[in-house]
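# Structural overview
The chain contents come next:
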Amino acid sequence: MSHTEAAAMEVHSATGLSSRKILMWTFIGSECMLFGSLITTYLVYRGKSVVGPYPEDLLNIPFITVTTFVLLMSSLMMVLALAAVQRGDMKWGKVWLFMTAFLGMVFLGGQVFEFTHFVHEGLTLKTNLFGGTFFLLTGTHGAHVAVGVIWLLSLFLLAQRGRLTQANAETVEIAGLYWHFVDVVWIVLFTLIYLLV
Amino acid sequence: MSATGATAAEGGDHSHEGTYSGGPWSWITTVDHKRIGVMYGLSAFFFFLVGGIEALLMRLQLGSPENTLIDPDLYNQLFTMHGTTMVFLAIMPLSAAFFNFIVPLQIGARDVAFPRLNAFSFWLFFLGALFMNASFLFGGAPDAGWFGYANLTSTQYSPGMRIDFWVIGLMVLGVSSIAGALNFIVTIINLRAEGMTFMRMPLFTWMTLITSFLLVIAFPAITVGLVLLMFDRMFGTLFFDPLAGGDVLLWQHLFWIFGHPEVYILLLPGLGMVSEIIPVFSRKPLFGYAFVVYSGILIAFLGFGVWAHHMFAVGLGPVANTVFSATTMLIAIPTGVKIFNWIATLWGGSLRMQTPLYFSLGFISMFIIGGLSGVMHASAASDLQQTDTYFIVAHIHYVLFGGVMFALFAGMYYWIPKITGRMLSDRLGKLHFWIMLVSFNVTFFPQHFLGLHGMPRRTFTYESGLGFEAMNLMSTVGSMVLGASMLIFLWNVLRMLRKGEPAGANPWEGSTLEWSTTSPPPHYNFRVLPTVHSRDPLWAEDTGDSMPGDDPSVADPHMPGPSFYPLLSAVGIIVMAAGALTTTFPVVFVGVGVLLFGVYGWAFQPLEH
Ligand SMILES: [Cu+2]
């Protein structure tokens, strides 16, 4: 990882910023539009289902509050991981990287449990508009969490083999940008889907 | 693969850096922005001809009333694929060809910020284009229009795989476009030469930057629409099923929130090209540079607030129609600003009447006509008479052919000498221009009247005795000549490759950095990265120390080595697409595996060897 994609080109950077960071920020901008369109679809179709089950029949707010808390904590772990890698403390860097990924997996486990439960209660993609919009929106977010978990575990394994060091702090920082973004999206979804039923 | 890659890189690492190694493998694995630009250009022009042939077939069918040359089913496929091809497979990648070849040179960089991501964008576009067109061989091409309105696209009304080809193909092309646009945003923001502030950037680079932002912001909306449609077709969701509470207009909103900015994605690169060419051929700097930049930004910004002018006829109500009429008319202001700036640049200049300027002037005049008819149906009341008639067909072709394609041809005549190192024939170029201009107008001007007389678009024939015959025949004859004019261009290019005059570094006495290096440029573009002190560095007096040129005492710069992984990653996505198309999920997983393998190989392969 000592050579990054942009390294050879970065003889000078016109802005003084890292190209990879600008790439990630712009990508996040694009992702905002993606989630924005999905959220709009969810809101447009809210209350339009002609058959049940309806959101108020199924949504388990206490349970999701716990998994939301877990995901929030994973962002804290991410901050700690980056701080550790930046100061060259790879031992704790590895611990926090793994913990971030682990809490992400716990969140995903909660989502799998929730989805399975809903299917048992008779809500699938095809049941009604609530089923379609709910599974698509939270599923897209879950897929983003899954990509983040794979990314973080890859960084963790690299660190295990000594191929991720203080010099690659920016790589961890960029993964962190992505992770925090996915976390923020969930806060929005949690508010719109669960709190404002 | 890595062995081949390493050998190629060794060959290109030291003294031979300036020259290319040949062979197909060096093209397949290239990450050089110039080669990628050439590949974009060649494939885009190929699909431009494919889309053109589709159009000519439709014109043949419409040449006489109650014609039976083409049956309604094929006609639906032709107009759908003509629109889809011209927008996504011809104009956008042709612009991308220029982004790739010209922008890094214009900003004084050696390549784009992420060369392998760039190769990935190209291969994904190319494979996606083949995927979409493969539909012709497997049960017919998409046939629900380039806009794919719900619920015409539902499995009930469109069984079979036609719409699936369209939905999945567009998603693939969207990923390619977004990846390319992200790359160009970072490249332009971060790799500008020393001293090139934003307000010193060439206009084409500016318009590339704005277009890239539009792509990144607009494409997610259509992506979501496509996902909803794919779920409806594949998993039986009810997003566009009115009986279950679904709203077919949601598709139209999502499509046009993308679709109108898409018009500017197609148009702005052309505006940038013309803004480069007119000053060079008038021998004076662009009049009101800042106005042209800011009006470009304003056009892009306003472009997100006008989408419902495509939906005046669906019954959104008088308030919405009034608001969207007003915002649409507002866009005429920044557009008019640009036109006045071009005219003011020409005014009092010492004009050199060569082919690139001819096409630029053709662009301005045709674009004004297209703009005026656009303002006509910006008014909702007027649009209700014109929508879904040939009036709209005339309008869109005055904007996208008379406008964008004339500008793109201006760009081709202007920059091909830089790309190949040889000059195109000016005489043949002017011949091409006059035949194209006249036949374009013969083809499309009568369609205004056909539309106002009530001839509906997207209909495979018309009855005799309605007064449509003469103008349709005229349009068909014009279109055949228009198609033939492309042969003059191809002949000109072939002639140039055989015996074109050497172009030299700066054949047009241009002012921007791409003209400061050789034609074609060396692999590394600039041995010494340039420093600029003004908007027109090659015209400025103080270039003595800032344009060191090709100083042989400086060692060849190291360039990124070739890589097979971008193509492999793109292949993974196409395998996923094929699996989704046929709903064979094992194939999807194979595709995911190939993609993951490609991405990991990519991430761990050093950029330089
Ligand atoms: Cu529009």
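Now for a look at the structure at hand.

What counts as what
- Residues numbered from 1 in each chain as written.
- Chains lettered and ligands numbered in written order.
- Predicted model: local features only at pLDDT ≥ 70, side-chain atom pairs only at ≥ 80, totals over all residues.
- Heavy atoms only, no water.
- Axes fitted to C-alpha atoms, helices over the stretch in contact; angles between N-to-C directions.
- Helix = DSSP H or I, 4+ residues; strand = E, 2+ residues; numbered from the N terminus.
- Parallel < 35°, antiparallel > 145°, perpendicular 65-115°, else oblique.
- Left-handed = near helix turned anticlockwise from the far one by under 90°.
- Contact = heavy atoms within 4.5 Å.
- Nonpolar A, V, L, I, M, F, W, Y, C, P; charged D, E, K, R; others polar.
- Salt bridge = Lys/Arg side-chain N within 4 Å of Asp/Glu carboxyl O.
- Buried < 20%, exposed > 50% of the residue type's maximum accessible area, 1.4 Å probe, protein only.
- Expected span 1.5 Å × (residues − 1).
- Donors = N, O, S within 2.8 Å, 3.2 Å for Na, K, Ca; no water.
- Buried area = accessible area lost by both parts, 1.4 Å probe.
- Polar contact = N/O pair within 3.5 Å; in protein donor to acceptor, adjacent residues only side chain to side chain.

### Let's talk about the packing of helix 1 (residues 19-44) of chain A against helix 6 (residues 169-195) of chain A
Residues and elements named next belong to chain A. Relative orientation of the contacting elements helix 1 and helix 6 amounts to 15°, with a least axis distance of 11 Å. One way to sum up the angle between helix 1 and helix 6 is to call them roughly parallel. As helix 1 packs across helix 6, the resulting crossing turns out to be right-handed. Residue-level inspection shows Arg 20, Lys 21, Met 24, Trp 25, Phe 27, Ile 28, Glu 31, Cys 32, Phe 35, Ile 39, Tyr 42 and Leu 43 of helix 1 in contact with helix 6, the latter providing Glu 170, Thr 171, Glu 173, Ile 174, Leu 177, Tyr 178, Phe 181, Val 185, Val 188, Leu 189, Leu 192 and Ile 193.

### Considerations on the packing of helix 13 (residues 390-420) of chain B against helix 15 (residues 469-499) of chain B
All names here are of chain B. Look at helix 13 against helix 15: their axes get within 12 Å of each other, and the N-to-C directions meet at 10°. Considering their axes alone, helix 13 and helix 15 lie roughly parallel with respect to each other. On the side of helix 13, the interface is formed by Phe 401, Phe 409, Met 412, Tyr 413, Ile 416 and Thr 420, while helix 15 contributes Leu 482, Met 486, Phe 489, Asn 492, Met 496 and Leu 497. Residues belonging to the contact of helix 13 with helix 15 are distributed by class as follows: 10 nonpolar, two polar and no charged.

### A short note on the pattern of salt bridges
With the rule as written, the count across this model stands at 11 salt bridges over all chains. Residue Glu 173 of chain A is joined to Lys 21 of chain A by a salt bridge in which the shortest nitrogen-to-oxygen separation is 3.2 Å. Remark: Lys 21 of chain A occurs in helix 1 and Glu 173 of chain A occurs in helix 6; sequence separation between them is 152 residues. Where Lys 430 of chain B meets Asp 426 of chain B, a salt bridge forms, and the shortest distance between an N and an O atom there is 3.0 Å. With Lys 430 of chain B and Asp 426 of chain B both in helix 14 (residues 426-452) and four residues apart, this pair spans about one turn of that helix. Using a relative accessible area of 21% as the deciding quantity, one classes Lys 430 of chain B as partly exposed. Several salt bridges converge on common partners, so that one network encompasses Asp 73, Asp 143 and Arg 162 of chain B.

### A look at helix 6 of chain A
For helix 6 of chain A, which comprises 27 residues, the first-to-last C-alpha distance of 37 Å matches the rise-based estimate of 39 Å (1.5 Å per residue) to within 8%. Burial analysis of helix 6 of chain A places 19 of its 27 residues in the buried class, the great majority of the element.

### Details of the coordination of the copper ion
All names here are of chain B. At 1.7 to 2.0 Å from the copper ion lie its protein donor atoms, namely His 260 (ND1), His 309 (NE2) and His 310 (NE2). Each donor residue of the copper ion lies on the same chain, and together they follow the pattern H-x48-H-H. Here the residue His 260 occupies a position in helix 8 (residues 248-282), and His 309 occupies one in the loop between helix 9 (289-302) and helix 10 (318-346), the gap between them amounting to 49 residues.

### With respect to the interface of chain B and chain A
Chain B puts 51 residues into the contact, and the matching count from chain A is 44 residues. Note on chain B versus chain A: buried area summed over both sides is about 3800 Å², and carbon and sulfur give 71% of it. Seen at the junction of chain B and chain A, the total is zero salt bridges. Our count for the chain B to chain A interface comes out at nine residue pairs in polar contact (both at pLDDT 80 or more).

These figures come from the coordinates and say nothing about function on their own.
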